[in-house]
Amino acid sequence: MNEQIIARHWLAIIAPKAAPALATSTVLILARIWNANGAEHSVGNAVLMTALSLGAAAAGACASLGPSGDGVLAGTAFAASGGLALAGVAGYADGWSLPLLLWVLATAIAYGLAARYWRNDRRESVAYKRQTSARREEHAHIERVEALRAGAQVEVARTGAAYAEQLAAALVTRAALPGFDFKAVEAAGLPQLPSTNKEI
C-alpha cells in the first residue's frame, strides 16, 4: 500500500514553537509603543489595565469552576489576564528593565504551559501512527493470505481442467480403437460412458 508523501514547509513546522514568544513579544512591543504615546506614569491607564486584567482572571476562574468547567476557555482567559498585566506594567514603567524581566517570565511560563500540550499531542500522534501501522500490517497479511488462497484455488481449477481434458482425450482415443466395448468398461465398475453411436 503506497502512502502519499507530504513535505511540510519549514514555516509550518516552526510556527507552533515560536507562537508563545511571538505573542509575548507582540504584547511587549505594543505596550512600549503605548508607553511612548503617553501611558507612562498614567494612573488612569494603569487602573484600566488592572481592571481588565482582574476581569479576565475572574472570567478564567469562573470558567474553570464546576464539574463541567471548560479548560480551554479558562486557559484563554488566564492568558489574556497575564497579557493585560504585562501590557499594563510595560506601558506604565519608565525603563526597559522591568518590562523585559516580565517578558522573559511570561515567555518562560507560556513555553512551560505549551510544552505540556505539545507532549500530549506528540503522544497521541505516536499512538495513532502505531495503530495505523498495526492495522496496515494486519490488512497486508490478510491480503497476502487471500492472494495465496486464490492462487491455490486457481491452480487447483487449472489442474482439474487439464486432467479433465486429458481424460476426455484418452476416452475419445480409446473409443476410436477397434474392439472397444462400452459394456466391458461399465462391468469393470467405471461410470457409464456416453455412447458415441447414437441409436435411433
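This text goes with the structure placed above it.
Residues numbered from 1 in each chain as written. Predicted model: local features only at pLDDT ≥ 70, side-chain atom pairs only at ≥ 80, totals over all residues. Heavy atoms only, no water.

1. Overview of a positive patch on the surface
A surface patch of positive charge is lined by Lys17, Arg116, Arg119, Arg122 and Arg123. Counting through the fold element by element, arginine 116 comes out in helix α4 (residues 97-176). (Patch = residues over 30% accessible without salt bridge, like charges linked within 9 Å, V, L, I, M, F, W, Y side chains within 5 Å. Areas by Shrake-Rupley, 256 points an atom, 1.4 Å probe, with all protein chains shown as cover. Salt bridge = Lys/Arg side-chain N within 4 Å of Asp/Glu carboxyl O. Lys, Arg positive; Asp, Glu negative; His and termini not counted. Charge placed at Lys NZ, Arg CZ, Asp CG, Glu CD. Helix = DSSP H or I, 4+ residues; strand = E, 2+ residues; numbered from the N terminus.)

2. Details of the pattern of salt bridges
Throughout the structure, instances matching the rule amount to two salt bridges. Measuring nitrogen to oxygen at the nearest pair gives 3.1 Å for the salt bridge that ties arginine 158 to glutamate 155. In this pair, arginine 158 and glutamate 155 are both assigned in helix α4, three residues apart and thus about one turn of the helix distant.

3. Observations concerning the packing of aromatic side chains
Tallied over the entire structure, the rule returns one aromatic pair. Sitting over the ring of tryptophan 118, lysine 17 keeps its end group 4.1 Å from the ring centre. One residue, arginine 32, lies across the ring of tryptophan 96, its end atom 4.7 Å from the ring centre. (Phe/Tyr/Trp six-rings, centres within 6.5 Å; stacked < 30°, edge-to-face > 60°. Lys NZ or Arg CZ within 6 Å of the ring centre and 35° of its normal.)

4. Observations regarding the nonpolar core
In a soluble, globular protein the nonpolar side chains are often hidden away together inside. Within the largest apolar cluster, five residues are counted, these being Leu28, Ala31, Met49, Ala87 and Ala90. Of all the secondary structure elements, the ones that give two or more residues to this core are α1 (10-39) and α3 (71-92). The residues contacting alanine 87, other than those within four sequence positions of it, are Val27, Ala31, Trp34 and Met49. (Core = buried A, V, L, I, M, F, W, Y, C linked by side-chain atoms within 4.5 Å. Buried < 20%, exposed > 50% of the residue type's maximum accessible area, 1.4 Å probe, protein only. Contact = heavy atoms within 4.5 Å.)

5. Description of the packing of α1 against α4
Their axes nearest at 9 Å, the elements α1 and α4 cross at an angle of 155 degrees. With respect to their mutual orientation, α1 and α4 come out roughly antiparallel. Pair α1 / α4 crosses with right-handed handedness. Two secondary-structure elements touch here, α1 through Pro16, Lys17, Ala18, Pro20, Ala21, Thr24, Ser25, Leu28 and Arg32 and α4 through Pro99, Leu100, Trp103, Ala106, Thr107, Ala110, Tyr111, Ala114 and Trp118. Of the residues assigned to the contact of α1 with α4, the class counts are 13 nonpolar, three polar and two charged. (Axes fitted to C-alpha atoms, helices over the stretch in contact; angles between N-to-C directions. Parallel < 35°, antiparallel > 145°, perpendicular 65-115°, else oblique. Left-handed = near helix turned anticlockwise from the far one by under 90°. Nonpolar A, V, L, I, M, F, W, Y, C, P; charged D, E, K, R; others polar.)

6. Brief notes about the layout of surface pockets
By volume, the largest pocket is sized at about 810 Å³. Surrounding the largest pocket, 27 residues form its lining, Gly75, Phe78, Ala79, Ala110 and Leu113 being those nearest its centre. Top contributing element to the lining of the largest pocket by residue count: α3, with 11 residues. When grouped by side-chain class, the residues that make up the lining of the largest pocket number 20 nonpolar, six polar and one charged. Considered as a void within the structure, the second largest pocket measures approximately 310 Å³ in volume. As for the second largest pocket, its lining consists of Arg8, Ala12, Ile13, Pro16, Lys17, Trp118, Asp121, Arg122, Ser125, Val126 and Lys129. Contributions of two or more residues to the lining of the second largest pocket are made by α1 and α4. (1 Å grid on protein atoms, 1.4 Å probe; cavity = no way out; pocket = protein on both sides within 12 Å on 5 of 7 lines; lining within 4 Å. Points joined across faces, edges and corners; volume = space filled by probe spheres on them.)

7. Looking at α4
Helix length check: α4 (80 residues) gives 115 Å between terminal C-alpha atoms against 118 Å at 1.5 Å per residue, within 8%. Taken together, the buried positions of α4 are Pro99, Thr107, Ala114 and Thr132. (Expected span 1.5 Å × (residues − 1).)

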